[in-house]
Amino acid sequence: MTAAAHNGPQGLDDDLVPPLNALQAMAESSRCLYCYDPACVNACPTGIDIPGFIHRINDGNVVGAAKTILSANIMGGTCARVCPTEILCEQACVRNAGEQRPVSIGRLQRFATDALMARGGGHPFARAPGSGKRVAVVGAGPSGLACAHRLSMLGHAVNIFEAKAKPGGLNEYGLAAYKMTGDFAQREVAFILGIGGIDIHYGKRLGDDLQLGALSGDYDAVFLAIGLAAGRPLGVEGSDLAGVMEALSFIEALRQGRAPAVAGRVVVIGGGNTAVDAAIQSHCLGAEDVVMAYRRGIAQMGATTWEQQLARISGVAIKPWLAPKRILGSGGKVTGVVFERTRLVDGRLQGTGTDVELSADLVLSAVGQELREGELAGIPVTEGRIGIDADYQTARPGVFAGGDCVKSGLDLTVQAVEDGKRAALAIDRFIRKGVSHGRSA
Amino acid sequence: MADLRSRIAGISSPNPFWLASAPPTDKAYNVVRAFQAGWGGVVWKTLGEDPPVINVSSRYGALLDGNRELLGFNNIELITDRPLALNLQEITQVKKDWPDRALVVSLMARMEESAWVGLVKRIEETGADGLELNLGCPHGMCERGMGSAIGQVPEMVEQVTRWVRASTRMPLIVKLTPNVTNILWPAEAARRGGADAVSLINTVNSIASVDLDLMAPTPTVDGKGTHGGYCGPAVKPIALNMVAEIGRNHVTADLPISGIGGIGSWRDAAEFLALGAANVQVCTAAMVHGFRIVGPMIDGLSQWMDDKGYGRIDDFAGAALGNVVDWNSLNMNFSTKAVIDPDLCIDCGRCHIVCEDTSHQAIRIEANGGKRVFRVVDEDCVGCNLCSHVCPVPQCITMRPEANGKPYMNWTQDPRNPLRAAQG
C-alpha cells in the first residue's frame, strides 16, 4: 500500500494496512512473476522463498504458503505487519520496472500466516528427537523466540528468561498499536510456543535475578537476546521535568492499556520509526499539534519514506535540522523545547547558533536505545553492541548473542529473527560437537 | 477505413464476425441484441425435430488461470430446447427485421433422409440465408446417433450432405467435428456430398475439471458428470491447424471455410482469415464478455488492415496459407538465436531457469553490480524460442536469424538424413 492511498490510522486500534481478502489475495498473487532466485528473496534478511509462497497462495495452498514463510521466519506474521518492505523485498520486486507497483509481498505474507494461525490444528513444525541438551535464552523478544523455536525444532530443551511480565519484546511493548492490532504479538508467541519444549520464566532480569556465570554453568549454551533496553538520554537540561518521557515507555504504556492522557502540543525528538510510531499515536490519543524534530535532514532520517509520509498524512509536522538544546518547564512541568538549528558542513553536523523554541505539553524522546552493559559480566562490547563472531558466539565460549544487542545488519525485527535462527543453528553445532550433525540452514 | 464486407457460400454479411450456433443464438431476444451490437451474422442454435430436447441443470465447465481469467470452456448443453415452430417464427421475423445481416440456421437430425429433408423444408420458408449441418456436437446428441456420431464417419457426412443438397438450393455449410483422426476425411466427404462450405471446429471432447470434493467431473449433475464440448482460447491452435490442413489439401482447397475456435479478438480473426477462412464464428468470447466484444473486433481488424494497406479482406485472405508446409519442407540450414535486451530486462530470471532446467543451458547469469545480466551463449542456443515465450516483457527477448550464407536445404535433401538416398 502506498502512503498516497492511505489516510493514516484513524485510531489506536485501527489496522494500519488491513488484511487482504481472498479475492484481493488471488489478484495480487497472480501478479507475481515467479522469478528465479530473485532480488526480493535476497533483500529479505530471513531469505523467505517469496515467489514460492506467493505461488502457493495462487494455487489455493495457503497452508503450504504459510509453512514456506514460517520455515524461514517463524515471526512471518509480525514481519508481514511491521517490516519496512518498501526498503526490502518490495523495493526489489521486478514489478517496479514497468509498473512502478511491486507485488504487495507483505500483505500476501500476512494473508498466508493469518490463515494458518486462524486454522489452528496444531503447530506446523515437528521437533527432532530429544538431544538431551539444554539451552538458556535470555530475552523473549523476536530474536530470543526465534532462537528458542529453532533450537526446539532441532531437539533441544529451551528455557527463556524474560525480564518483563509478558513475552514478545518490542512486538509487545515497542511497536505502534496500529501495526499489531488484535493482540497479535501474544497470539504469535502462543503459536511459536506451540512447538513445545520451550519454557518461559518471567520477571528474570540478567544481572538482577539471573547471573550469566550461573547460566553458563547450568546450560549447554546460552543465547543473549537482551535487546537495547536502556533509552539513550537526551542529555539536555530539563530532561527530568514532568511531561518528558521516553517514546518507548510511552508506547509501552499505551500498548499495555495504560495510555497516558495526551492533549495540547506534543514534541517528539528523533527521526526513526519509533519516533514516527510515537508521533502518530499521540495524535490518535488526542494531541492537537504533533511535531517531530530531528537534528539532521530528511534524507538522514531512520524512518523510511513511507513512515515519513504516513506521519505527515496523520497530521504530524516533521521539522528537520533541529538539535535539542534545553527543555523548558514551569512548576516542574514541561512547557517547551529550545532547539538549535543545525546544518551539515563538510559532512559534519554543526549548530548554526540560531535557536528555535517549540512549546510542548508532552515531550517524547526517541533518540535511540542503548545496551545495558552492566548485565554482561564482562563480555566485550564493541561500539555499543555485544561483540560476536560469524557464528554469533561472544568472546565467552558457549555464550551466543543476537538481535538488537548485536550489530548484524539493520536494526529490524526481521534481522533479529534471522539472528535468532542462525544462532540456533550455530548453537546446535556447538553443543553437538563430536556428535554427527551435518545440519545447516 | 477498410471494407470488412464478407461473403461465404453466397451469403453476404457487413463484417466477417458471426456468432456460432450455441446458447447465445438460441432465440430472437439474444440474436437481436447481437445484431444491435454489430455482429455481421448469426448461426441460429441447432434446430431438431419436435419434441424439443430437455437440458440438464448445470451445463458449463471452465478452465481458469490463477486470476480467474478463462482459458477454456466446456458445455454439456444439447440443441435448442424450444419448440421448432417457435424458433422458425422468430427466425422469420428476425431475418425480416435485419435483412443486411447473415442469418444461417443450424440443424441436426437422425440418420434418416426424411428427418433432414423435413427440417430443411420448414427452414426454407423462414427466408434464412443458409443452412449449417451440425455434424459435430460431441456430447449427448451423439448418444442418440446425431452430431459427432455422424460427423466422425465420413460416409455418413457425405450421405447427409447429399440428402440436404438434393432437397434445397439454400447455401449449405457443413460443420465439422475435430474429434477425428484426420480432419480431411470428413471435409472431403462434405465436399463430395455437395457442401458449399465447411465450418470448423465444433467443440473438442473434454472433461473441464474434476471436483476434488465431489470426486466428480465438472459440470456436475447430481454428483455425476459427462464429457462435454471444449472451446475458448485453448482450442484456437487446434482449430487453426485444421483450417490450414483443409486449405492446403488439393481436394478441399477450393472449399470455403468458416473458421471457429477460440476467437476472442480481431487478431485471432485475422489469423483465421490469413489461413484461408472466409469468415469467423465466435461463441465463447461472447459468453465471457457479452455481445459488445464485437466492437473491438471490428475496429481492431479495420485498423490493422488500414495500417497494413489492406483495403478488403480478400487482400490478405489466405496469405499465410502458402507458408504452412510439411516439416520435411522446412529449411534445415536456417538458424535463429535468442537476443536479450539488457535495457528491457527486469531481472526475473525466468529465461535462465527454463533454459537451464528444460532446454539447452544456453543462458548464463553474469553479475554486473547489483543487477544480473542474462547472456545467451550462441554456440549452445538452438533457437527454440522458449525463453522469448516465458519472458514477461514484450520484445525483451527476440529471435535473430543468423546470416550464415547457407542455401535452402530441406530434410529430404539433407546429407544427414539416413533415408535420403531411398527417398531420392
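Treat the numbers as computed from the prediction; the structure is a model and nothing was measured. (Residues numbered from 1 in each chain as written. Chains lettered and ligands numbered in written order. Predicted model: local features only at pLDDT ≥ 70, side-chain atom pairs only at ≥ 80, totals over all residues. Heavy atoms only, no water.)

The number of helices and strands found in chain A is 16 helices and 17 strands. The globule rule puts the C-alpha radius of gyration for 441 residues at 22 Å, and the 22 Å found for chain A is close to it. Oriented by its inertia axes, the alpha-carbon framework of chain A measures out at about 65 × 55 × 45 Å. Within the span of chain A, comprising 441 residues, buried residues form 53% of the whole. Pairs at least 24 residues apart make up 70% of the contacts formed inside chain A by residues separated by at least 6 positions. For chain A, the accessible area works out to roughly 17900 Å², and carbon and sulfur atoms hold 47% of it. Of note, chain A has its 43 positive side-chain charges centred 3 Å away from the centre of its 44 negative side-chain charges. (Helix = DSSP H or I, 4+ residues; strand = E, 2+ residues; numbered from the N terminus. Rg over C-alpha atoms; globule rule 2.2 N^0.38 Å. Buried < 20%, exposed > 50% of the residue type's maximum accessible area, 1.4 Å probe, protein only. Contact = heavy atoms within 4.5 Å. Areas by Shrake-Rupley, 256 points an atom, 1.4 Å probe, with all protein chains shown as cover. Lys, Arg positive; Asp, Glu negative; His and termini not counted. Charge placed at Lys NZ, Arg CZ, Asp CG, Glu CD.)

This part covers the overall build of chain B. Across its full length, chain B holds 13 helices and 20 strands. What you see for chain B is a C-alpha radius of gyration of 24 Å, in line with the 22 Å of a compact globule of 424 residues. Residue burial in chain B is summarised as follows: out of 424 residues, 52% are buried. Across chain B, the fraction of contacts at a sequence separation of at least 24, relative to all contacts at a separation of at least 6, is 70%. Taken as a whole, chain B presents about 19400 Å² of accessible surface, with 52% of it coming from carbon and sulfur. Side-chain charges of chain B comprise 38 positive and 46 negative groups, with the mean position of each set lying 2 Å from the other.

A separate point is the sheet that holds strand 6 (residues 244-246) of chain A. Residue and element names in this part refer to chain A. Within the open sheet, the five strands sit side by side as 6-13-7-8-9. Their pairing is parallel. The outermost strands of the open sheet, each flanked by one partner alone, are strand 6 and strand 9 (316-319). Pairs of neighbouring strands in the sheet enclose a mean axial angle of 20 degrees, with direction left out of account. Bridge count between strand 7 (residues 265-269) and strand 8 (residues 289-293): five bridges; the pairing is parallel. (Pairing = 2+ DSSP bridges. Axes fitted to C-alpha atoms, helices over the stretch in contact; angles between N-to-C directions.)

Moving on, we get to the interface of chain A and chain B. Facing the twelve residues of chain A at the interface are 13 residues of chain B. Summed over both partners, the interface of chain A with chain B buries about 1000 Å², with 62% contributed by carbon and sulfur atoms. Applying the counting criterion to the chain A and chain B interface returns zero salt bridges. For the pair chain A and chain B, the interface holds six residue pairs in polar contact (both at pLDDT 80 or more). Taken together, the residues that form the side of chain A that touches chain B break down as nine nonpolar, two polar and one charged. (Buried area = accessible area lost by both parts, 1.4 Å probe. Salt bridge = Lys/Arg side-chain N within 4 Å of Asp/Glu carboxyl O. Polar contact = N/O pair within 3.5 Å; in protein donor to acceptor, adjacent residues only side chain to side chain. Nonpolar A, V, L, I, M, F, W, Y, C, P; charged D, E, K, R; others polar.)

Moving on to the domain arrangement of chain A. All names here are of chain A. The domains assigned to chain A are domain 1 (3-119), domain 2 (134-229 + 371-431) and domain 3 (231-368). The C-alpha-based centres of domain 1 and domain 3 are spaced at 32 Å. Taken residue by residue, the interface counts twelve residues in domain 1 and eleven residues in domain 3. Summed over both partners, the interface of domain 1 with domain 3 comes to about 970 Å²; 79% of that surface belongs to carbon and sulfur atoms. (Domains from an automatic or database assignment.)

Moving on: helix 13 (residues 247-255) of chain A. Residue and element names in this part refer to chain A. Most of helix 13 sits out of view: seven of its nine residues are buried. Listed in full, the buried residues belonging to helix 13 are Ala247, Leu248, Phe250, Ile251, Ala253, Leu254 and Arg255. Against helix 10 (170-173), helix 11 (184-193), strand 6, helix 14 (273-284), strand 13 (362-365) and strand 14 (369-370) lie the buried residues of helix 13. Count one or two residues on from helix 13 and you reach Gly257, which has phi positive near 80 degrees.

Looking now at the state of the cysteines. Residue and element names in this part refer to chain B. Within this structure, the stated rule accounts for zero disulfides over all chains. Of all cysteine sulfurs, the one in Cys396 lies closest to Cys391, which takes part in no disulfide; the gap is 4.1 Å. Residue classification places Cys391 among the buried residues on the basis of a relative accessible area of 16%. (Disulfide = S-S within 2.5 Å.)

Residues and elements named next belong to chain B. Its place among the elements puts Thr168 in the loop between helix 5 (154-167) and strand 9 (172-175). Judged by relative accessible area, Thr168 falls into the buried class, the value being 6%. C-alpha of Thr168 to C-alpha of Val120: the two residues are 48 residues apart in sequence and 7.3 Å apart in space. The contacts of Thr168, once residues within four sequence positions are left out, are Val120, Glu124 and Leu131.

Residues and elements named next belong to chain B. Here we have eight strands rolled up into a closed barrel, ordered 3-4-7-8-9-10-15-16, and parallel in their pairing. Between one strand axis and the next, the sheet turns by 25 degrees as a mean value, whatever way the strands run. Alignment of strand 9 against strand 10 (residues 197-200), held across three bridges, turns out to be parallel. In the sheet register, Val174 faces strand 10, and the bridge partner there is Val198. Sheet strands in contact with helix 2 (residues 84-97) are strand 4 (41-47) and strand 7 (102-107), and its direction is about 170 degrees off that of strand 4.

Let us now look at the packing of aromatic side chains. Enumeration according to the criterion identifies eight aromatic pairs over all chains in this entry. Judged by centre distance (5.4 Å) and plane angle (50 degrees), the rings of Trp304(B) and Tyr310(B) are tilted. Among the aromatic residues, those joined into a cluster by ring pairs are Trp266(B), Trp304(B), Tyr310(B) and Phe316(B). Across from the ring centre of Tyr219(A), 4.3 Å away, lies the NZ or CZ of Arg134(A), which sits over that ring. A cation sits over an aromatic face here: Lys164(A) above Tyr173(A), 4.8 Å from the ring centre. (Phe/Tyr/Trp six-rings, centres within 6.5 Å; stacked < 30°, edge-to-face > 60°. Lys NZ or Arg CZ within 6 Å of the ring centre and 35° of its normal.)

This paragraph deals with the UniProt feature "domain: Dihydroprymidine dehydrogenase" (unreviewed entry) in chain A. Sequence positions flagged by UniProt for "domain: Dihydroprymidine dehydrogenase" (unreviewed entry) are, in local numbering, residues 18-119 of chain A. Annotation note: span residues 18-119 of chain A, helix share 62%, strand share 0%, distance between end C-alpha atoms 19 Å. (UniProt positions renumbered as here; feature names shortened; annotations may be inferred.)

Turning our eyes to something else, we now look at the pattern of salt bridges. What the rule picks out here adds up to 44 salt bridges over all chains. Close ionic contact of Glu28(A) with Arg31(A) constitutes a salt bridge, the shortest N to O distance being 2.9 Å. Accessibility expressed as a relative area gives 11% for Arg31(A), which makes it buried. A salt bridge links Glu158(B) to Arg192(B); the shortest N-O distance between them is 2.9 Å. Highlighted residues: Glu158(B) in helix 5 and Arg192(B) in helix 6 (residues 184-193), separated in sequence by 34 residues. Note on Glu158(B): relative accessible area 16%, which makes it buried. The exposure class assigned to Arg192(B) is partly exposed, which follows from its relative accessible area of 44%. Each of the salt bridges in this network shares a partner with another, and the network as a whole consists of Glu28(A), Arg31(A), Arg95(A), Glu99(A) and Arg101(A).

All names here are of chain B. Within strand 7, six of the six residues are buried, leaving the element largely enclosed by the surrounding structure. Bridging between strand 4 and strand 7 involves five bridges; their strand directions are parallel. Paired with Leu47 across the two strands is Leu107, which belongs to strand 7. For strand 7 and strand 8 (residues 130-134), the ladder comprises four bridges, and the chain directions are parallel. Across the sheet, residue Val105 finds its bridge partner in strand 8, namely Leu131. With respect to chirality, the unit in which strand 7 leads through helix 3 (residues 113-124) into the neighbouring parallel strand 8 is right-handed. (Right-handed = clockwise from strand over helix to strand, strands pointing away.)

Our focus in this paragraph is the nonpolar core. Grouped together as the largest cluster of nonpolar side chains are 81 residues, with contacts concentrated most on Trp39(B), Trp116(B) and Leu200(B). Beyond its immediate stretch of four places on either side in the chain, Leu200(B) contacts Leu176(B), Ile183(B), Met242(B), Val243(B), Ile246(B), Ile257(B), Ser258(B), Gly259(B) and Ile260(B). If you look at the next biggest cluster of nonpolar residues, it comprises 59 residues, including Ile57(A), Ala185(A), Phe223(A) and Ala426(A). (Core = buried A, V, L, I, M, F, W, Y, C linked by side-chain atoms within 4.5 Å.)

The next subject is the confidence of the model for chain A. Put simply, chain A has an average pLDDT of 94, and 97% of its residues get 70 or more. Counting interchain partners and residues more than four positions distant, the pLDDT-below-50 stretch residues 434-441 of chain A has nine contacts. (pLDDT = per-residue confidence, 0-100.)

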